[in-house]
Amino acid sequence: MEPGGDLEWYVSAMSNRTLAIIKPDAVARGLTGKILAHLEGEGFHVAAIRMLRLRESEAGEFYSVHRSRPFFPSLIAFMISGPCVPMVLLRDAAVATLRRSIGATDPREADAGTVRRLFAESKERNAIHASDSDENAVREERFFFAEADVLRGQ
Ligand code: CMP
């Protein structure tokens, strides 16, 4: 079914979902609306969204897979430096399509027209996070949203 924005489409898209976070660098630079518009232009529909400032323990848990990496302390300091905007996004092939839409981790290596190429400052301050698998999308969605917070059919 083509994205139409109606409830029927939202319901049909429930198995095609991913988690994105507009990161503190982009929020602080007033890019939240521009990035949302960009993602909607790529066919993503928002099923849940909120703004929050992560606590250090929460950021550490979210990025626990990177705990042993040299950039981990700096990544955590950056992620708690200001508000971020996590959201659940719906689209067919949501995980793979969003990864393509955001581009490579380092904006200098990201393809033209990707979110990071357009809006990111550096490999760390890279504007947006996206889940890298369906399994992590479920885990990351539950990290930020209760089931009742996410739009679903009745
Ligand atoms: P993200 O997709 O959120 O997943 C892990 C984050 O760690 C990544 O985006 C970057 O913000 C950051 N990161 C990954 N590699 C590096 C690196 N080599 N140096 C600094 N930050 C990095």
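Here the structure is shown first, and the text comes after it.
Residues numbered from 1 in each chain as written. Predicted model: local features only at pLDDT ≥ 70, side-chain atom pairs only at ≥ 80, totals over all residues. Heavy atoms only, no water.

Student: Describe the packing of aromatic side chains, with residues and values.
Tutor: Scanning the model with the defined rule gives four aromatic pairs in all. Seen in terms of ring centroids, Phe 62 and Tyr 63 are 5.0 Å apart; in terms of plane orientation they differ by 90°. Their pairing is edge-to-face. Like Tyr 63, Phe 62 is buried. Consider the rings of Phe 143 and Phe 144, whose centres lie 5.0 Å apart with planes at 70°: the pair is edge-to-face. Overall, Phe 143 belongs to the partly exposed group, its relative accessible area being 24%. Looking at Phe 144, the relative accessible area reads 5%, which means it is buried. (Phe/Tyr/Trp six-rings, centres within 6.5 Å; stacked < 30°, edge-to-face > 60°. Buried < 20%, exposed > 50% of the residue type's maximum accessible area, 1.4 Å probe, protein only.)

Student: Help me get a handle on helix 3 (residues 32–41), residues and values and all.
Tutor: The complete set of buried residues in helix 3 reads Thr 32, Ile 35, Leu 36, His 38 and Leu 39. Buried residues of helix 3, seen end-on, are gathered within an arc of 160° and therefore sit on one face of the element. Among the exposed residues of helix 3, those oriented more than 90 degrees off its buried face are Lys 34 and Gly 41. Looking one or two places after helix 3, you find Gly 43, whose phi comes out positive at around 95°. (Helix = DSSP H or I, 4+ residues; strand = E, 2+ residues; numbered from the N terminus. Arc of directions from axis to C-beta.)

Student: Residues and numbers for unusual backbone geometry, please.
Tutor: We note that Ala 93 has phi near 50°; this positive angle belongs to a residue other than glycine. Along the chain, Ala 93 falls in the loop between strand 3 (85–90) and helix 6 (94–102). One non-glycine residue, Ala 127, lies in the positive phi region at around 70°. By secondary structure assignment, the location of Ala 127 is in the loop between helix 7 (115–119) and strand 4 (128–130).

Student: I'd like a rundown of the site of the ligand, residues and numbers included.
Tutor: What surrounds the ligand is the set Lys 23, Tyr 63, His 66, Phe 71, Leu 75, Thr 105, Arg 116, Lys 123, Glu 124, Asn 126 and His 129. Side-chain polar atom of Tyr 63 to an oxygen atom of the ligand: 2.6 Å apart, as the coordinates give it. Interatomic distance of 3.1 Å between a side-chain N/O atom of Arg 116 and an oxygen atom of the ligand. When the ligand sits alone it has 460 Å² of accessible area, and the protein chains cover 81% of it. Here the ligand is seated within the largest pocket. Grouping the constituent residues of the shell around the ligand by class yields three nonpolar, four polar and four charged. (Near = heavy atom within 4 Å. Polar contact = N/O pair within 3.5 Å; in protein donor to acceptor, adjacent residues only side chain to side chain. Areas by Shrake-Rupley, 256 points an atom, 1.4 Å probe, with all protein chains shown as cover. 1 Å grid on protein atoms, 1.4 Å probe; cavity = no way out; pocket = protein on both sides within 12 Å on 5 of 7 lines; lining within 4 Å. Sits in = over half its atoms within 2 Å of the grid points. Nonpolar A, V, L, I, M, F, W, Y, C, P; charged D, E, K, R; others polar.)

Student: Tell me about the nonpolar core, residues and numbers included.
Tutor: Judged by nonpolar contacts, the single largest core of 21 residues is most densely connected at Ile 22, Ile 35, Leu 39 and Leu 98. Elements with a minimum of two residues in this core: strand 1 (17–22), helix 2 (24–28), helix 3, strand 3, helix 6, helix 7 and strand 4. Excluding residues that lie within four positions of it along the chain, Ile 35 makes contacts with Ile 22, Ala 26, Val 115, Phe 119, Ala 127 and Ile 128. Of all hydrophobic cores here, the second largest spans 20 residues; its members include Leu 52, Phe 72, Ile 76 and Phe 145. (Core = buried A, V, L, I, M, F, W, Y, C linked by side-chain atoms within 4.5 Å. Contact = heavy atoms within 4.5 Å.)

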